Amino acid sequence: MRTLVLNSQLLFDIQDYENAKSTDKKFLADLRRGKAFLQRAIDKRLDYLDKTAALNLMESMSKIEVMFLPKVEAKKAYQDLAKLQSVLPMYISDFEDWYEFVIENTCKVCKRSDYENCPARRVLEKYDVCPNDPGAVARCQYGYNDEPVGSVGEAFIKALNKGV
């Protein structure tokens, strides 16, 4: 049964290679020779069966499809590779550059009321980046809008800037 199914699969492979644009002629010839030898072996086995048994075998074979399954080790290797392909390795210095850019150009000017839905905040939380204001309740912990400091505070800042 397996040999019959393999013979059928080999026929499909030969047809695929015949239709390919850059098929190696020697390779295709070897496949055809292999198919011929396989067919001879099948014919010898079928000769041992009576006509009814041979027809039953052929009918059973027509209900079978080839399926290639990886071994357990290969399956694990494929899963590991899929995990690696779903992650973007990033140098810490690149992450710090990204973080600095996001804080300066997004968080510094952010006035979102739906800060829970902010994608930058999600990433910063996911990677345990220390927030600007960990105790913030009604606003994003990463935001730092420049709030007005009042006239006394402004005078103090001016005095610090003048070196007084």
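Everything below is about the structure shown above.
All of the points below concern the structure found in this document. Only a predicted model underlies this, so the values are computations on that prediction, with no experimental measurement involved.

**Some points on the packing of aromatic side chains**
Move 1: A full pass over the atoms with the stated rule returns three aromatic pairs.
Move 2: Taking 5.0 Å as the distance between ring centres and 80° as the angle between the ring planes, the aromatic pair formed by Tyr17 and Phe27 counts as edge-to-face. Here Tyr17, found in helix 1 (residues 2–19), pairs with Phe27, found in helix 2 (residues 25–47); they are 10 residues apart in sequence, far enough to count as distant.
Move 3: Under the relative-accessibility criterion, Tyr17 is labelled partly exposed at 36%.

**Thoughts on a negative patch on the surface**
Move 1: Negative charge collects at one region of the surface, where Asp94, Glu96, Asp97 and Glu100 lie side by side.
Move 2: Within the secondary structure, Glu96 is located in helix 5 (residues 92–105).
Move 3: By relative accessible area, which is 45% here, Glu96 ends up partly exposed.

**Let's talk about the layout of surface pockets**
Move 1: For the largest pocket, the calculated volume is near 270 Å³.
Move 2: Lining the largest pocket we find Val87, Leu88, Met90, Phe95, Trp98, Val123, Lys126 and Tyr127.
Move 3: For the lining of the largest pocket, the secondary-structure elements that each account for two or more residues are helix 5 and helix 6 (119–126).
Move 4: Volume-wise, the second largest pocket comes out at about 160 Å³.
Move 5: Cys110, Lys111, Arg112, Arg139 and Cys140 are, among the 11 residues lining the second largest pocket, the residues nearest its centre.

**Some points on helix 1**
An α-helical turn contains 3.6 residues, so a residue and the one three or four places further along point in the same direction.
Move 1: The end-to-end C-alpha distance of helix 1, which contains 18 residues, comes to 26 Å, matching closely the 26 Å that a straight helix rising 1.5 Å per residue would cover.
Move 2: Buried positions along helix 1 lie against helix 2 and helix 3 (51–62).

**Describing unusual backbone geometry**
Move 1: Positive phi values are uncommon outside glycine, yet Asp128 reaches one of about 50°.
Move 2: Its location among the elements puts Asp128 in the loop between helix 6 and helix 7 (150–162).

**Let's talk about the packing of helix 1 against helix 2**
Two measures define how a pair of helices packs: the angle their axes make with one another and the distance between the axes.
Move 1: Relative to each other, helix 1 and helix 2 sit at 155°, their axes nearing to 10 Å. The orientation of helix 1 relative to helix 2 falls into the category roughly antiparallel. Of the two possible hands of crossing, helix 1 and helix 2 adopt the one that is left-handed. Of the residues in helix 2, those in contact with Thr3, Leu4, Leu6, Asn7, Leu10, Leu11, Ile14, Tyr17 and Glu18 of helix 1 are Phe27, Leu28, Leu31, Arg32, Gly34, Lys35, Leu38, Gln39 and Ile42.
Move 2: Partitioned by chemical class, the residues of the contact of helix 1 with helix 2 number 11 nonpolar, four polar and three charged.

**Description of the pattern of salt bridges**
Move 1: For the coordinates displayed, the defined rule picks out eight salt bridges.
Move 2: A salt bridge links Glu104 to Lys108; the shortest N-O distance between them is 3.2 Å.
Move 3: Residue classification places Lys108 among the partly exposed positions, given a relative accessible area of 27%.

**Regarding the nonpolar core**
Move 1: Counting residues in each nonpolar core, the largest one holds 10 residues, listed as Val102, Ile103, Cys107, Tyr115, Cys118, Ala120, Leu124, Val129, Cys140 and Tyr142.
Move 2: Breaking this core down by element, the ones donating at least two residues are helix 5 and helix 6.
Move 3: Formed by nine residues, the second largest nonpolar core is a distinct cluster that contains Leu10, Ile14, Leu28 and Leu31.

**Brief notes about the environment of Gln15**
Move 1: By the secondary structure assignment, Gln15 is in helix 1.
Move 2: Distance from Gln15 to Leu28, taken between C-alpha atoms, is 9.6 Å for residues 13 residues apart in sequence.

Rules used in this analysis
- Residue numbering note: each chain is counted from 1, following its sequence as written.
- In keeping with the model being predicted, local features are shown solely for residues with a pLDDT of at least 70 and side-chain atom pairs are shown and tallied solely at 80 or more, while totals for entire chains, interfaces and linings include all residues.
- Water and hydrogen atoms play no part in the side-chain values, which are based on all heavy atoms of the structure.
- Stacked, edge-to-face and tilted labels apply to pairs of Phe, Tyr and Trp rings (six-membered ring for Trp) whose centres lie within 6.5 Å, assigned for plane angles under 30 degrees, over 60, and everything in between, in that order.
- Under the DSSP-based scheme used, a helix requires at least four consecutive residues in state H or I and a strand at least two consecutive residues in state E, with every element numbered from the N terminus.
- Relative accessible area decides the class of each residue, using a 1.4 Å probe on protein chains only: under 20% of the type maximum gives buried, over 50% gives exposed, and in between gives partly exposed.
- Patch definition: residues above 30% relative accessible area lacking any salt bridge, with like charges linked at up to 9 Å and the nonpolar side chains Val, Leu, Ile, Met, Phe, Trp and Tyr linked at up to 5 Å.
- Per-residue and other accessible areas were derived by the Shrake-Rupley procedure at a 1.4 Å probe size, with only the shown protein chains allowed to occlude residues.
- Any Lys or Arg side-chain nitrogen found within 4 Å of a carboxyl oxygen on Asp or Glu counts as a salt bridge.
- Neither His nor the chain ends contribute to the count of charged residues, in which Lys and Arg are positive and Asp and Glu negative.
- Each charge is placed at NZ for Lys, CZ for Arg, CG for Asp and CD for Glu.
- A cavity, in this analysis, means grid points on a 1 Å lattice covering only the protein atoms where a 1.4 Å probe fits yet has no way out; a pocket is instead an open set bounded by protein on both sides within 12 Å along at least five of seven lines, and a residue lines either one if it has an atom within 4 Å of a point.
- Grid points are joined across faces, edges and corners, and a volume is the space filled by probe spheres set on the points.
- Every helix has an expected span of 1.5 Å times one less than the residues it contains.
- Contacts are assigned to residue pairs that have any heavy atoms within 4.5 Å of one another.
- Axis definition: a line fitted to C-alpha atoms, limited for helices to the stretch in contact. Angles are taken between N-to-C directions and run from 0 to 180 degrees.
- Small angles under 35 degrees read as roughly parallel and large ones over 145 as roughly antiparallel, with 65 to 115 read as roughly perpendicular and the rest as oblique.
- For any helix crossing, the convention is left-handed if the near helix is rotated counterclockwise from the far helix by under a right angle, and right-handed if that rotation is clockwise.
- Side-chain classes follow a simple rule in which Ala, Val, Leu, Ile, Met, Phe, Trp, Tyr, Cys and Pro form the nonpolar group, Asp, Glu, Lys and Arg form the charged group, and the remainder, Gly included, forms the polar group.
- As used here, the term nonpolar core means buried Ala, Val, Leu, Ile, Met, Phe, Trp, Tyr and Cys residues forming a set that is joined through side-chain atoms within 4.5 Å.

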